[in-house]
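A structural walkthrough
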Amino acid sequence: MLEGVKVLDFSQYLAGPTVTRLMAEMGADVIKIEQAPGGDPSRMLPAIKNGRSGYFVQQNRGKKSLCLDFSKPESMELLKSLVPKVDVVLENFGPGVMEKRGLDYPSLKKLNPRIILASISAFGKTGPLSHKVGYDLIAQGFAGIMHMTGAPDGPPMPVGLGMADVSSGVHAFAAIGYALFHRERTGVGQHIDISIKESLYHMHEANLQVNSITNGEFVPLRFGAHHPLVCPCGVFTGPPGSLVVLVLDRQWASLTRAMGRPELEKDPRLATSPDRGKNRVELIAIIEQWMAAQGTDDAVIKVFEEFRIPSAPVMSIIDTLAHRYFKARNMVRKVKNPLL
C-alpha cells in the first residue's frame, strides 16, 4: 500500500521506529538516519548476540541506514538535500533538537512544501510541559495507567511492556496515513504532533466516564483481578491455570446455561450487570467452583466456545510463540539475519 512513499527517519529506540517498521512492512522506502559514532542507542539494548541487538533488529529490519556526524556542516547539507526527495520525515528527539539543526517543520516546508513531518515526544510540542523529556515508564505513571494497574491494596504497578511507545507509534502511523491521503487531495503537507502521554490517556474509558456521570461519586482505582462494576469480568482460577472471562448482559443467560445453572439467570441478586458487580464475590466463587469441576482449562474453554462466552486462557509469552493462532495469523515469524 505504501510502495513509492519515501521516509526520512530520525527516530530512535521504540516509539518512532514502530512507525517506520509498520511503514516498511507496507512497502515504504525508509532511510534511517543515525548519529555517529554509536547510531541508534537501541543497537546496544539487551540481548546482544554476535554484537547485534535483537531489539534493534525487530524494530528496524527492512530499513536503509545512513550514519552521519551531525556536528559537521556537510552532514546537514546532505540531509537537507534529501528532504525534497521524500514524502515523510519522522523524529522523536527531545525538545528543541530539530529546531537547533534547522530541521523543524517551517524549515522543512521551505525545502519541500508537500512534506509531512511527524513528531513523537513525551509531552507534545505545545503546552506547559513541552520542555520535559520522558520514556514509556514515565508516560505510564503520568497518564494514570499505573494508578489503574495492580491490586487495590497494593502500590501502582507498571505494565511489563512498551505500551506507551508502541501506542504512540501506532497513533503516528495512522496520522501519517491520513496526512498522505489529505495531501493527495490538496497537495498540502502536515506537521503531526504526537504526545506519548496522550496516546495512553486515550485508552481511558469508564475510568473517566463513570466518574463524570456520577459527579465524582465513583473514583477509579486499580481493582486487581476483577472489575468492581462488572461481573464476570476478570481473571478466574481454572482447574490448573488462569482464564480471563468477560460476560455482559447479552451473554449472561448463555453463561448460566453453560454452567448448568439456568436458575441463576433470574436470581434477583444477579439480575442486572450492577447487581452482579455488587455481588461479585459470591458469583466469582460459583464460577470458579464450576471451572474446577471441568478438570482442565481446555475443557472450560470448549464449553464457553460452545455457548459463545468471551473467554481465553491467560498465556505466557512463551506459550504464544508456539500457539497455532499466532502462527496462522502470521504474527510470529522467523526473520533471517546474518549475525543473529
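See the structure shown above.
Residues numbered from 1 in each chain as written. Predicted model: local features only at pLDDT ≥ 70, side-chain atom pairs only at ≥ 80, totals over all residues. Heavy atoms only, no water.

What about the pattern of salt bridges?
Note that side chains of opposite charge can pair when their charged atoms are close. Rules: One speaks of a salt bridge when a side-chain nitrogen belonging to Lys or Arg is within 4 Å of a carboxyl oxygen belonging to Asp or Glu. Here a strand is any run of E in DSSP of at least two residues, a helix any run of H or I of at least four, and the numbering for each starts at the N terminus. Three labels apply to residues, based on accessible area from a 1.4 Å probe with only protein chains included: buried if under 20% of the type maximum, exposed if over 50%, partly exposed otherwise in between.
Taken as a whole, this structure holds 13 salt bridges when the rule is applied. Between Asp87 and Arg183 there is a salt bridge, and its shortest N-O distance comes to 2.8 Å. One end of the pair, Asp87, is in the loop between helix H3 (73-82) and strand S6 (88-91); the other, Arg183, is in helix H7 (residues 163-186), and 96 residues separate them in sequence. For the pair formed by Asp87 and Arg183, the shared burial category is buried. Lys266 is the partner of Glu265 in a salt bridge, and the nearest nitrogen-oxygen pair spans 3.9 Å. For Glu265, a relative accessible area of 27% puts it in the partly exposed group. For Lys266, a relative accessible area of 67% translates into the label exposed. Counted as one network, the salt bridges with shared partners bring together Glu25, Arg61 and Arg333.

Quick word on the nonpolar core
Where we set the bar: Note on terminology: a nonpolar core comprises buried Ala, Val, Leu, Ile, Met, Phe, Trp, Tyr and Cys residues joined through side-chain atoms within 4.5 Å. Pairs of residues are marked as contacts when any of their non-hydrogen atoms sit within 4.5 Å.
Ranked by size, the top nonpolar core spans 27 residues in total, and within it Met23, Ile120 and Ile176 carry the most contacts. Mapped by element, the contributors of at least two residues to this core are helix H1 (15-25), S6, strand S7 (116-121), H7, strand S8 (190-195) and helix H8 (196-201). For this core, the leading source of residues is H7, giving 6 residues. Dropping the residues within four chain positions of it, Ile120 is found in contact with Ala15, Gly16, Val19, Leu90, Glu91, Asn92, Phe93, Ser168, Gly169, Ala172, Ile194 and Ile196.

Focus on unusual backbone geometry
Of note, the bond from Pro46 into Ala47 is cis; its omega dihedral lies within 30 degrees of zero at 5°. Note on placement: Ala47 falls in the loop between strand S2 (29-35) and strand S3 (48-49). The omega torsion of the bond from Cys231 to Pro232 falls at 0°, within 30 degrees of zero and hence cis. In this fold, Pro232 is placed in the loop between helix H9 (206-213) and strand S9 (233-237). Of note in this structure, Arg308 is not a glycine but carries a positive phi near 55°. Mapped onto the secondary structure, Arg308 falls in the loop between helix H13 (297-306) and strand S11 (311-313).

Quick word on the sheet that holds S6
This is how the line gets drawn: Note on pairing: DSSP must find at least two bridges between two strands before they are called paired. In this analysis, axes come from line fits to C-alpha atoms, helices being fitted only over the stretch in contact, and the angle between any two N-to-C directions falls in the range 0 to 180 degrees.
Judged by pairing direction, the sheet is parallel, and its 6 strands sit side by side in the order S5-S2-S1-S6-S7-S8 without closing on themselves. Looking at which strands have only one partner, the edges of the open sheet turn out to be strand S5 (64-68) and S8. Pairs of neighbouring strands in the sheet enclose a mean axial angle of 20°, with direction left out of account. As paired elements, S7 and S8 share 6 bridges and run parallel to each other. Across the sheet, residue Ile120 finds its bridge partner in S8, namely Ile194. Against the sheet, H3 makes contact with strand S1 (6-9), S2 and S5, and its axis sits at roughly 145° relative to S5, the strand it touches most.

Some details on the environment of His204
Among the secondary structure elements, His204 is positioned in the loop between H8 and H9. Relative accessible area serves as the criterion here: at 15%, His204 is assigned to the buried category. Between the alpha carbons of His204 and Gly94 there is a distance of 26 Å; along the sequence they are 110 residues apart.

Observations concerning the packing of helix H12 (residues 280-294) against H13
Filter applied, for reference: Angle categories are assigned with fixed cut-offs, so that under 35 degrees is roughly parallel, over 145 is roughly antiparallel, 65 to 115 is roughly perpendicular, and the rest are oblique. Should the near helix be turned counterclockwise from the far one by less than a right angle, the crossing is left-handed, whereas a clockwise turn marks it as right-handed.
The N-to-C vectors of H12 and H13 enclose an angle of 115°; their axes lie 8 Å apart at closest approach. Classified by the angle their axes make, H12 and H13 are roughly perpendicular. Pair H12 / H13 crosses with right-handed handedness. Residue-level inspection shows Trp290, Met291 and Gln294 of H12 in contact with H13, the latter providing Ala299, Val300, Val303 and Phe304.

Some words on empty space enclosed by the protein
Put simply, the rule reads: Cavity: a set of points on a 1 Å grid over the protein atoms alone where a 1.4 Å probe fits but cannot get out. Pocket: an open set with protein on both sides within 12 Å along at least five of seven lines, its lining residues, like those of a cavity, having an atom within 4 Å of a point. Grid points are joined across faces, edges and corners, and a volume is the space filled by probe spheres set on the points.
Applying the stated criterion across every chain, the model contains 1 cavity of 30 Å³ or more. For the largest cavity, the calculated volume is near 50 Å³.

Some words on the packing of aromatic side chains
Threshold: Put simply, two rings from Phe, Tyr or Trp (the six-membered ring, in Trp's case) pair if the centres are within 6.5 Å, and we call them stacked under 30 degrees between planes, edge-to-face over 60, tilted for the rest. Cation placement over rings: the criterion is NZ of Lys or CZ of Arg within 6 Å of the ring centroid and within 35° of the ring normal.
Tallied over the full model, the rule gives 6 aromatic pairs. Through pairs of rings, three or more aromatic residues link up here, namely Phe10, Phe70 and Phe93. The residue whose ring lies beneath Lys197 is Phe123, and the NZ or CZ to ring-centre distance is 4.0 Å.

Looking at H1
Summarising burial for H1: 10 of the 11 residues are buried, a large majority. In this structure, the buried residues of H1 make contact with S1, S2, helix H2 (54-60), S6, S7 and H7. Two residues or fewer past H1, Gly27 is found with a positive phi of approximately 105°.

Concerning the layout of surface pockets
Selection rule: Classes in brief: Ala, Val, Leu, Ile, Met, Phe, Trp, Tyr, Cys and Pro nonpolar; Asp, Glu, Lys and Arg charged; the others, Gly included, polar.
Looking at the largest pocket, its volume works out to about 1200 Å³. The wall of the largest pocket is formed by 27 residues, among which Gln58, Gln59, Leu321, Met331 and Val332 lie closest to the centre. For the lining of the largest pocket, the secondary-structure elements that each account for two or more residues are H1, H2, H7 and helix H14 (317-322). Broken down by element, the lining of the largest pocket gets its largest block of residues, 5 residues, from H2. Taken together, the residues of the lining of the largest pocket sort by class into 14 nonpolar, 8 polar and 5 charged. Here the second largest pocket defines a volume of roughly 600 Å³.

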